[in-house]
2 protein chains.
Amino acid sequence: MHAFDVLGDPVRRRILELLNDGERSAGELTAAVREEFGISQPAVSQHLRVLRENGFATVRPEGNRRLYAVERAPLGEAEEWLGRFAERWRPHLDALETEIARGRRARRRSGEQQ
Amino acid sequence: MHAFDVLGDPVRRRILELLNDGERSAGELTAAVREEFGISQPAVSQHLRVLRENGFATVRPEGNRRLYAVERAPLGEAEEWLGRFAERWRPHLDALETEIARGRRARRRSGEQQ
DNA sequence: AGCTTATATAGCTGATCACTTATATAGTGA
DNA sequence: TCACTATATAAGTGATCAGCTATATAAGCT
């Protein structure tokens, strides 16, 4: 399953957003998502499975619970694909590198520390 | 239709990649995509419609042809969403902003022009 | 062991969507 | 105008997928 297929679902995107704040148990995620989307516990569990099986999330059992955490690598790949277009829509990003170099030169000359 | 739903299709992603190199006629896109995915002309045309209607591409008629161009704004929105996770996987991007600010201060003080 | 809580899986179903063929629209040039 | 090329739309179909209910698995507690 391609990264963008995984990200194509609003529930999964929401779960990832929640996980971005830190680890969450399946139950916490289910409660939040049920509230917003009005779907059942198994529905959420299936989305968690998709996230797991595609490497977007990892699980770690803690007692009774299963704690989920976001895995950023696949998100990075998606971002990388979009990045091939980014040079054009955000040209100032290229300029950043230049800015840094100029800033360093300026500081060297003025003797600014820190 | 959400940005990631549009990007969820491999044919549409390929079309965007092709458009990233510059304007292409519907016919050129159709030829390339038919080759790679083995789908019909109407199938490609429908994908072009999705890209148009969701703001990922614009068209401009030229004689008989219709020339497509990529529109980067919605790609930027998708990238922005991913960016909320990026702070963690690419922390140096945050540092860039700081660098710029520091560079500007340094230049102001040293009186560097241009 | 038996009950409860937490989470996952199985099996089914309806909606969505990408594809197909057939046809419509529109520009070009004889 | 007629034929030709380029592209879009229409209508129908099958596959995929997200949802549901019911049930299984597994840990904690009494």
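The structure we're discussing is the one just above.
Given the structure is predicted, the values throughout are model-derived calculations rather than measurements. Every chain is numbered on its own, with residues counted from 1 as its sequence reads. All chains are assigned letters beginning with A, and all ligands numbers beginning with 1, in the order in which they are written. In keeping with the predicted nature of the model, local features appear solely for residues at pLDDT of at least 70, side-chain atom pairs appear and are counted solely at 80 or more, and the whole-chain, interface and lining totals rest on all residues.

Caption draft 1: Focus on the pairing of strand β2 (residues 57–62) of chain A. All names here are of chain A. For two strands to be treated as a pair, DSSP must find at least two bridges joining them. Where helices and strands are cited, they refer to DSSP runs of H or I of at least four residues and of E of at least two residues respectively, numbered from the N terminus. As defined by bridge partners, β2 adjoins strand β3 (residues 65–70) across 6 bridges and the pair is classed as antiparallel. Each bridged residue has a counterpart across the sheet, and for P61 the counterpart in β3 is R66. What sits between β2 and β3 in their antiparallel hairpin is a turn of 2 residues, with G63 showing a positive phi close to 60°.

Caption draft 2: Highlighting the sheet that holds β3 of chain A. Residue and element names in this part refer to chain A. Reading across the sheet, the 3 strands line up as β1-β3-β2 and stay open at both edges, with antiparallel pairing between neighbours. What marks the edges here is a single partner per strand, and that holds for β1 (24–25) and β2. Two strands pair when backbone bridges link them, and β1 and β3 are joined in this way by 2 bridges, in the antiparallel orientation. For R24, the partnering residue across the bridge sits in β3 and is Y68. Running over the sheet, helix α2 (residues 10–20) touches β1, β2 and β3 and is turned about 90° from β3. Working definition of a contact: two residues with C-beta atoms, positioned from the backbone, lying within 7 Å. Here the axes come from fitting lines to C-alpha atoms, over the contacting stretch only for helices, and the angles between their N-to-C directions go from 0 to 180 degrees.

Caption draft 3: Inspection of the environment of S25 of chain B at higher detail. Residues and elements named next belong to chain B. Within the secondary structure, S25 sits in strand β1 (residues 24–25). Between the C-alpha atoms of S25 and E62, which are 37 residues apart in sequence, the distance is 9.1 Å. Not counting the four nearest positions on each side in its chain, S25 is found in contact with R65, R66 and L67.

Caption draft 4: Quick look at the protein's contact with DNA strand D. By convention here, the C-beta atom is placed from the backbone, and a residue is near a molecule or strand when that atom is within 6 Å of it. With respect to spatial proximity, 24 residues lie near DNA strand D, and among them S40, A43 and G63 of chain A together with G27 and P42 of chain B are the closest. Those elements that provide at least two residues to the surface near DNA strand D are α4 (41–53) of chain A together with α3 (26–37), α4 (41–53) and β3 (65–70) of chain B. Per-element tally for the surface near DNA strand D: the top contributor is α4 of chain B, with 6 residues. Following the grouping adopted for this structure description, the nonpolar residues are Ala, Val, Leu, Ile, Met, Phe, Trp, Tyr, Cys and Pro, the charged ones are Asp, Glu, Lys and Arg, and the polar ones are all others, Gly among them. Here the surface near DNA strand D is built from residues that sort into 9 nonpolar, 11 polar and 4 charged.

Caption draft 5: Representation of the sheet that holds strand β2 (residues 57–62) of chain B. All names here are of chain B. The 3 strands are arranged β1-β3-β2 in an open sheet whose pairing can be described as antiparallel. Looking along the sheet, the strands with just one partner apiece sit at the ends: β1 and β2. Of the strands in this sheet, β1, β2 and β3 touch helix α2 (residues 10–20), which is tilted by about 90° from β3.

Caption draft 6: Fine view of the nonpolar core. The term nonpolar core refers to a set of buried Ala, Val, Leu, Ile, Met, Phe, Trp, Tyr and Cys residues connected through C-beta atoms within 7 Å. Counting other C-beta atoms within 10 Å of its own, a residue is labelled buried from 20 upward, exposed at 12 or fewer, and partly exposed in the gap between, with every C-beta atom placed from the backbone. In terms of nonpolar packing, the biggest core is built from 41 residues, with I15, L48, A57, A78 and L82 of chain A together with A57 and A78 of chain B touching the most fellow members. Of the residues forming this core, the biggest block, 5 residues, is contributed by helix α5 (residues 73–89) of chain A. Residues within four places of A78 of chain A in sequence aside, it is in contact with A3, F4 and L7 of chain A together with L82 of chain B.

Caption draft 7: Representation of α3 of chain B in the model. All names here are of chain B. Working rule for helices: expected span equals 1.5 Å times residues minus one. Given a rise of 1.5 Å per residue, 12 residues ought to cover 16 Å, and the 16 Å separating the end C-alpha atoms of α3 matches this to within 8%. Looking only at α3, the buried set comprises L29, T30 and V33. Summarising the axial view, the buried residues of α3 lie within an arc of 100°, below the 170-degree limit, and thus occupy one face. As for α3, its buried residues are in contact with α2, β1, α4 and β3. A positive backbone phi angle near 65° is found at G38, which sits one or two residues after α3. Directions pointing from the helix axis toward each C-beta atom define the arc.

Caption draft 8: The arrangement of the protein's contact with DNA strand C in detail. Among the 24 residues in the neighbourhood of DNA strand C, the closest are listed as G27 and P42 of chain A together with S40, P42 and G63 of chain B. Elements represented by at least two residues in the surface near DNA strand C include exactly α3 (26–37), α4 and β3 of chain A together with α4 of chain B. Element by element, the count of residues in the surface near DNA strand C is highest for α4 of chain A, at 6 residues. Residues belonging to the surface near DNA strand C are distributed by class as follows: 9 nonpolar, 11 polar and 4 charged.

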